[in-house]
Amino acid sequence: MNDVECDGPAPYVGRRLPRREDGRLLTGTGKFVDDVDLVGQLWMRVVRSPIAHARIESVDTSIASALPGVALVLTGVDVAHLGRVPLEQVGFHEVFPDLEEHTHPVLAHDVVNYVGQPVAAVFATSPYGAEDAAEHVSIEYEALTPQLDPIRAASQPPLHGSFSNEAATIIKRYGDVESAFGNASHVVHAEYFVGRHSGVPLETRGIVVEPDPGRDELCIWGTVHVHDCRRIIAMMLGMPTTSIRMRTCDIGGNFGVRGGVFPEYPLAAYAARRLRRPVKWVEDRLEHMTGIAHAREQVHRISGAFDKSGRILGLKDEIWHNHGAFLRQAEPLVSDITAGMVFGPYRVPAYEAVLHAVLTNKTPLSAYRAPGRYEGTFARERLLDRAAAELGVGKEQIRRTNLLSAEDLPWQPGLDIVFEPYLFDSGDVRDHFDKALAAAGFDAWQEECVAARAQGRLLGTGIGVLMDKAGLGLYETGSVEVDSTGRVRVLTGASSVGQGIETVLAQIVADVLQVDPGLIDVLHSDTALVPDGVGSWSSRSTVIAGGAAREAAVKVVAKARRVAAKMLEADEGDLELTEGRIAVRGDTEKGLTLAEIAGAWDGWTARLNGDEPGLRADSVYVEHHMNYPFGVTLAQIEIDPTTGGHRILRFFTSSECGRMINPQTTEGQVIGAAAQGIGGALFEEFVYDDEGQPLSTLLMDYIMPTSTDVPTVEVYLTEDAPTRDNPMGAKGLGEVGLIAVGAAIASAIDDAVGATDGIRRLPATPQAIWELVGASRQAD
């Protein structure tokens, strides 16, 4: 890495600065995709399958096409030449060469495979006209038997041609698993299930496409990962990527589920290009609930081998991952991460995971905040609770016995995650565990529960320990430019999806340039300004996009010193940067601000000196290793034995951060993630009947936690172990608050009702809790 030491203090990194994005978002001046309206635009309405699995016998568009204002009606036959939506290339195609056979068609033309699958599309001059015309598209179906259970579907007739419903089988293994289980004094087996839910962002999906017929170019608003989306849409339409410009707009929540290319995106782009008119599509909530990427739904049959003291000798897990009808985004990426991280932050000498990535007649899934880690952590932590009970040791003791400590590092057991060797080399998980329990006052929590139970109340505490992986995606781009007015423009290949990346990048660059962050503008998600980038996912933005912005700023300082040396007729080594000004060390009167240097180094002057004008630098930051944050989640819950209702009384979550750029945005990320974890643990689930009909397609049926359901979240953050993988020492923290929530809450429910391994399924519904209370009382 090309690096230059920066003089002076670093006053902005580590400070609790308010989010710069909030000004426009809270005053209603943000610009979302639904705010984009273009002259002459058409509205797209998608006709979707009402059946989970059926053969399409006929599609009649004649009445719809004749209605006033309808410009076009497309069916699967019309867009068959576009092919299927390809997966992102991250390495899995070489391992599983048939992956593309399981990808999503733009419109179904022979068989539908889930309720909500696009079958036709209407384009009209008003949204109401488009919706009315869509209701006049007549489709005849021959119903087929749906396949919904991933374990059974793996051996059932294939959904896609002659290819198996098991789209991929992923195996992760290290150590001598057979010997570990053969020599164990105690073996624990269990099966756990995590239900299907999703991020359900406030803003639904949408896209606006503006064609330029004279140049055969498209401008597109509304996608999240603009560079990957541009590449895939261009490929499908047979256009050069340079002929498509992705434009920035605010994103009302992503959490992974809105990333990638959905079939509606190339469909709208194709129609706009064909009709030579802008096309707009914004889905309603019903479409969203059946068309957005679903997530989770995994079955874990997990086994642990222990010695008499509770020390883990080996761990095995067979996993069925229900991907729904098609593969999306970069799958089987989530499956790979799942299988690669079940062992978590523990010293596990031998490990084996076999994951079956299975296709069924449900909505396709992809990544959702902490994909694979939420599910795997639930299974592992529940297994540890069960093992602790069977061995007669405490929940804290069994974890403390097995957690990785500084003496174990570097921990590199011989396994890869998404083709990157797993390497954990910064932090002491056991020490952090003890600090977290002490900071929470966990002993007092337990004493409260004992006293309450003596009075007949059902109170319990639970523990979940987590390890995340962050920084996936190898590289990111960044540029920094200082202009003659003193303003600084930062360009990044990352995207702003609510995580505060504009604030964080401004702080990082402000430290390097020694200027106020208020002078810095952060621009993103516009391919005309940023032609290459990766985007914001996998808790990578602060680490990798921040690394790119920092490198570019460092290069700007180096150029400013070089140019100032000429202008001041001074030796470059005698110059120092302080508060945005390059001056001669010991003679502060002799100096120039960065703005003055940028203004003086104009095109004419710079070219005469054989240099590029202005103060600008570009960077491509490459991160060769992921970083691994870890932490603890604790919950105290009270159960109503008559209804199975619940109230979370206390909630505590911790993380080792490496180095925080902005503690306020970090805490916000952790608290928001915790709320989503509570949703998945107690409330949220996409439920289907036996015919594959979704039963939770409205927010009155898909239950989400409200402000009264989410308690005050106590956040404990440490900076004891800066990562060695980036110069800031920062770790990705966007998902840590969610990962162990399900495990901790399930553990607390068991503790409250006196059960051992009673909650084996998430979400833990009131009915399931009520039944557990009854079973526990009968056992007594």
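Further up the page is the structure itself.
Residues numbered from 1 in each chain as written. Predicted model: local features only at pLDDT ≥ 70, side-chain atom pairs only at ≥ 80, totals over all residues. Heavy atoms only, no water.

### Quick look at the overall build of the protein
Move 1: If you tally the helices and strands in the protein, you get 22 helices and 29 strands.
Move 2: Scaling as 2.2 N^0.38, a compact globule of 780 residues should have a C-alpha radius of gyration of about 28 Å, and the protein matches this with 28 Å.
Move 3: In terms of its C-alpha atoms, the protein occupies a principal-axis envelope of roughly 90 × 75 × 45 Å.
Move 4: The burial tally for the protein puts 61% of its 780 residues in the buried class. (Helix = DSSP H or I, 4+ residues; strand = E, 2+ residues; numbered from the N terminus. Rg over C-alpha atoms; globule rule 2.2 N^0.38 Å. Buried < 20%, exposed > 50% of the residue type's maximum accessible area, 1.4 Å probe, protein only.)

### Looking at the sheet that holds strand β21 (residues 520-524)
Move 1: Judged by pairing direction, the sheet is mixed, and its 4 strands sit side by side in the order β21-β20-β19-β25 without closing on themselves. Of all strands in the sheet, those with a lone pairing partner are β21 and β25 (615-622), marking the two edges. If you compare each strand with its neighbour and ignore which way they point, the axes differ by 15° on average.
Move 2: Relative to β21, strand β20 (residues 488-492) runs parallel, the two sharing 5 bridges. In the sheet register, R489 faces β21, and the bridge partner there is D521. (Pairing = 2+ DSSP bridges. Axes fitted to C-alpha atoms, helices over the stretch in contact; angles between N-to-C directions.)

### A short note on the sheet that holds strand β11 (residues 244-247)
Move 1: The strand order across the open sheet formed by 7 strands is β3-β5-β1-β12-β9-β10-β11, and the pairing between neighbours is mixed. The outermost strands of the open sheet, each flanked by one partner alone, are β3 (70-75) and β11. Within this sheet the neighbouring strands show an average axis-to-axis angle of 20°, counted without direction.
Move 2: As defined by bridge partners, strand β1 (residues 42-48) adjoins strand β12 (residues 279-282) across 2 bridges and the pair is classed as parallel.

### A short note on the pattern of salt bridges
Move 1: On inspection of all chains with the given rule, the structure shows 57 salt bridges.
Move 2: Here R196 and E297 are joined by a salt bridge, their closest N and O atoms 2.7 Å apart. With a gap of 101 residues between them, R196 in strand β8 (residues 186-197) and E297 in strand β13 (residues 295-306) connect regions that are remote in the sequence. Of the two residues, R196 and E297, both sit in the buried class. (Salt bridge = Lys/Arg side-chain N within 4 Å of Asp/Glu carboxyl O.)

### A closer look at the nonpolar core
Move 1: Judged by nonpolar contacts, the single largest core of 150 residues is most densely connected at F123, I745 and I749.
Move 2: Among the elements that take part in this core, helix α21 (residues 741-753) stands out by supplying 8 residues, more than any other.
Move 3: Discounting residues that sit within four places of it in the chain, I745 has contacts with A635, I637, I648, I678, A681 and L682.
Move 4: Among the nonpolar cores identified, the runner-up in size contains 48 residues, and Y12, V488, V512 and V557 belong to it. (Core = buried A, V, L, I, M, F, W, Y, C linked by side-chain atoms within 4.5 Å. Contact = heavy atoms within 4.5 Å.)

### Considerations on the state of the cysteines
Move 1: The tally for this structure, following the rule as stated, stands at 0 disulfides.
Move 2: Looking at C219, it has no disulfide partner, and the nearest cysteine sulfur is the one in C249, 12 Å off.
Move 3: Of the residues examined, C219 reaches a relative accessible area of 17% and is grouped as buried. (Disulfide = S-S within 2.5 Å.)

### Some details on the side chain of S198
Move 1: Its location among the elements puts S198 in the loop between β8 and β9 (206-212).
Move 2: Given the relative accessible area of 1%, S198 is considered buried.
Move 3: Reaching out from S198, the side chain makes a polar contact with the backbone oxygen of A293 at a distance of 2.8 Å.
Move 4: Sequence-distant contacts of S198, defined by excluding residues within four places in its chain, comprise V257, I292, A293, H294, Y368, E684, F686 and Y702. (Polar contact = N/O pair within 3.5 Å; in protein donor to acceptor, adjacent residues only side chain to side chain.)

### Points about the packing of helix α11 (residues 373-391) against α21
Move 1: Two elements in contact, α11 and α21, have axes whose closest approach is 8 Å; the angle formed by their N-to-C orientations is 35°. α11 and α21 meet at a crossing whose hand is right-handed. Residues Y374, T377, F378, E381, R382 and D385 of α11 pack against G742, A743, A746, S747 and D750 of α21.
Move 2: For the contact of α11 with α21, a count of residues per class yields 4 nonpolar, 3 polar and 4 charged. (Left-handed = near helix turned anticlockwise from the far one by under 90°. Nonpolar A, V, L, I, M, F, W, Y, C, P; charged D, E, K, R; others polar.)

### A word on unusual backbone geometry
Move 1: Between L409 and P410 the backbone carries a cis peptide bond, its omega angle lying at -5°.
Move 2: When you line up the elements, P410 lands in the loop between α12 (395-402) and β16 (416-417).
Move 3: L762 connects to P763 through a cis peptide bond whose omega is 0°.
Move 4: Considering the arrangement of structural elements, one finds P763 in the loop between β29 (761-762) and α22 (766-779).
Move 5: Even without being glycine, E297 reaches a positive phi, approximately 40°.
Move 6: Backbone geometry at D757 places phi at a positive 60°, although glycine is not the residue there.
Move 7: With respect to the secondary-structure elements, D757 resides in the loop between α21 and β29.

### With respect to the pairing of strand β15 (residues 351-358)
Both faces of the sheet carry side chains from a regular strand, because those side chains alternate between them.
Move 1: Where burial is concerned, most of β15 is hidden: 8 out of the 8 residues are buried.
Move 2: Burial along β15 is two-sided: the residues Y351, A353, L355 and A357 and E352, V354, H356 and V358 are all buried.
Move 3: As paired strands, strand β7 (residues 166-174) and β15 are joined by 8 bridges and run antiparallel to one another. Note that in β15 the partner of R173 across the bridge is E352.
Move 4: Pairing between strand β14 (residues 312-322) and β15: 8 bridges, direction parallel. The residue of β15 that forms the bridge with K316 is E352.

### Remarks on helix α10 (residues 333-341)
Move 1: The buried count for α10 comes to 9 of 9 residues, which makes it a mostly enclosed element.
Move 2: By the burial criterion, the buried members of α10 are L333, V334, S335, D336, I337, T338, A339, G340 and M341.

### Some remarks on a nonpolar patch on the surface
Move 1: Residues L286, L698 and M700 make up a contiguous nonpolar surface patch of about 310 Å² in total accessible area.
Move 2: As for its placement among the helices and strands, L286 is situated in helix α9 (residues 285-291). (Patch = residues over 30% accessible without salt bridge, like charges linked within 9 Å, V, L, I, M, F, W, Y side chains within 5 Å. Areas by Shrake-Rupley, 256 points an atom, 1.4 Å probe, with all protein chains shown as cover.)

### Brief notes about the environment of E88
Move 1: Here E88 shows up in the loop between β3 and α3 (92-95).
Move 2: The class of E88 is buried, set by a relative accessible area of 13%.
Move 3: Taking the C-alpha atoms as reference points, E88 and A330, separated by 242 residues in sequence, lie 4.8 Å from one another.

### Thoughts on the packing of aromatic side chains
Move 1: Within this structure, the stated rule accounts for 13 aromatic pairs.
Move 2: A centroid spacing of 6.3 Å and a plane angle of 70° characterise the contact between Y114 and F326, whose relative ring orientation is edge-to-face. Here Y114, found in the loop between β4 (111-112) and β5 (118-124), pairs with F326, found in the loop between β14 and α10; they are 212 residues apart in sequence, far enough to count as distant.
Move 3: For Y114, a relative accessible area of 1% puts it in the buried group.
Move 4: The class of F326 is buried, set by a relative accessible area of 2%.
Move 5: Measuring from centroid to centroid gives 5.7 Å for F442 and W445, while their planes differ by 55°, and the two rings are tilted. In this pair, F442 and W445 are both assigned in helix α14 (residues 442-454), 3 residues apart and thus about one turn of the helix distant. (Phe/Tyr/Trp six-rings, centres within 6.5 Å; stacked < 30°, edge-to-face > 60°.)

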